[in-house]
Amino acid sequence: MDPVMGIISVFWLMLPAYLANPFAVFTGHGLPVDMGRSIGGKRVLGDGKTWAGLIGGICGGVLIGLLMMAIMDLTGEPLPIYCSEPHGIMLLFLISTGSLMGDLLGSFLKRRLGRERGARTPILDQYDFVIGAWAFLAIFQWGWFRENFVDDPRYLGMIAVLIITPLLHRLSNIIGFRMGQKEVPW
Ligand code: CTP
Ligand code: MG
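Throughout what follows, the structure given in this document is the object of discussion. Worth saying up front: this structure is predicted, and the values here are computed from it rather than measured. (Residues numbered from 1 in each chain as written. Chains lettered and ligands numbered in written order. Predicted model: local features only at pLDDT ≥ 70, side-chain atom pairs only at ≥ 80, totals over all residues. Heavy atoms only, no water.)

**What about the site of ligand 1?**
Here is step 1 of the chain: Ligand 1 sits among 16 residues. The nearest are Lys49, Thr50, Ser107, Arg117 and Gly118.
Here is step 2 of the chain: Between ligand 1 and Gly48, the relevant distance is 3.1 Å, taken from a nitrogen atom to a main-chain nitrogen or oxygen of the residue.
Here is step 3 of the chain: A distance of 2.7 Å separates an oxygen atom of ligand 1 from a polar atom in the backbone of Gly118.
Here is step 4 of the chain: For ligand 1, whose free accessible area comes to 570 Å², the fraction covered by protein is 87%.
Here is step 5 of the chain: Secondary structure elements with two or more residues in the shell around ligand 1: helix H1 (3–27), helix H2 (51–75) and helix H3 (88–112).
Here is step 6 of the chain: Element by element, the count of residues in the shell around ligand 1 is highest for H3, at four residues.
Here is step 7 of the chain: Of the residues assigned to the shell around ligand 1, the class counts are three nonpolar, six polar and seven charged. (Near = heavy atom within 4 Å. Polar contact = N/O pair within 3.5 Å; in protein donor to acceptor, adjacent residues only side chain to side chain. Areas by Shrake-Rupley, 256 points an atom, 1.4 Å probe, with all protein chains shown as cover. Helix = DSSP H or I, 4+ residues; strand = E, 2+ residues; numbered from the N terminus. Nonpolar A, V, L, I, M, F, W, Y, C, P; charged D, E, K, R; others polar.)

**Structural notes on the pattern of salt bridges**
Here is step 1 of the chain: By the definition in use, this model includes four salt bridges.
Here is step 2 of the chain: The salt bridge involving Asp34 is made with Arg43; its shortest N-O contact spans 2.8 Å.
Here is step 3 of the chain: Given a relative accessible area of 21%, Arg43 falls into the partly exposed group.
Here is step 4 of the chain: A salt bridge links Arg43 to Asp47; the shortest N-O distance between them is 2.9 Å.
Here is step 5 of the chain: Salt bridges sharing partners connect three or more residues here, namely Asp34, Arg43 and Asp47. (Salt bridge = Lys/Arg side-chain N within 4 Å of Asp/Glu carboxyl O. Buried < 20%, exposed > 50% of the residue type's maximum accessible area, 1.4 Å probe, protein only.)

**Focus on the nonpolar core**
Here is step 1 of the chain: Counting 24 residues, the largest nonpolar core has Met14, Trp134, Leu137, Phe149 and Val161 as the members making the most contacts within it.
Here is step 2 of the chain: Elements represented by at least two residues in this core include exactly H1, H2, H3, helix H4 (124–140), helix H5 (142–150) and helix H6 (154–178).
Here is step 3 of the chain: Ranked by the residues each element gives to this core, the list is headed by H1, at seven residues.
Here is step 4 of the chain: Apart from the residues within four sequence positions on either side, Met14 is in contact with Ile95, Val130, Trp134, Phe149 and Val161.
Here is step 5 of the chain: Counting nine residues, the second-largest nonpolar core is a separate cluster that includes Ala24, Val33, Leu54 and Ile58. (Core = buried A, V, L, I, M, F, W, Y, C linked by side-chain atoms within 4.5 Å. Contact = heavy atoms within 4.5 Å.)

**As for unusual backbone geometry**
Here is step 1 of the chain: The step from Asp152 to Pro153 runs through a cis peptide bond, and the omega angle for that step is 0°.
Here is step 2 of the chain: Note on placement: Pro153 falls in the loop between H5 and H6.
Here is step 3 of the chain: Located in the positive-phi region is Met35, a residue other than glycine, with phi close to 55°.
Here is step 4 of the chain: Mapped onto the fold, Met35 is located in the loop between H1 and strand S1 (38–39).

**What about the packing of aromatic side chains?**
Here is step 1 of the chain: Under the definition given, this model contains five aromatic pairs.
Here is step 2 of the chain: Each ring, one from Trp142 and one from Phe145, has its centre 5.9 Å from the other, and the planes form 45°; the classification is tilted. Of this pair, Trp142 and Phe145 both sit in helix H5, three residues apart, which is roughly one turn of the helix.
Here is step 3 of the chain: On the accessibility criterion, Trp142 (43% relative accessible area) is partly exposed.
Here is step 4 of the chain: Phe145 sits in the buried class, given a relative accessible area of 4%. (Phe/Tyr/Trp six-rings, centres within 6.5 Å; stacked < 30°, edge-to-face > 60°.)

Take a look at the structure:
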């Protein structure tokens, strides 16, 4: 596989991880995951992490993956597809859940650092969900993760993801803010 194809395929496989977050933003409301509890006077996660957003985000990521499978079925493109795996749905569940667990962990760390909900926190805000998605895949499906993300030339895709994600993050937050879904443009 040539390097450009390797990079494209990593971004393609990351789509559910990227899109799980906007789904969480659109579906999020109501009961917070931490049930309003605090540790040492600071919220465990904060009101920005809700059960509805968590479940909506995971379902959204899986849905996007199913759509990707359908598109690949129609076009017969040679991009790696989740459905070429007997455990495709499980992979989608892992990458979407990992993405949102990374987001939760990010908020947990932000609260420990004393940052209020929505406070801008570089690195954590931009990479928490990427790291979460990769960690879940690496822990629970190492063979598949290595083959599709790590083996030459796919690791170039991981590097590209690390470079481009902060830009995508900024762009999506500006869009979310303009649409009135986010309280701050970051
Ligand atoms: N959201 C949610 N549940 C989640 C993730 C996100 O309800 N598990 C919704 C919330 O309405 C949240 C919005 O999506 O305010 C934007 O998500 P994010 O930027 O991750 O949360 P913040 O409000 O910025 O909170 P934090 O400082 O903890 O990141
Ligand atoms: Mg935020």
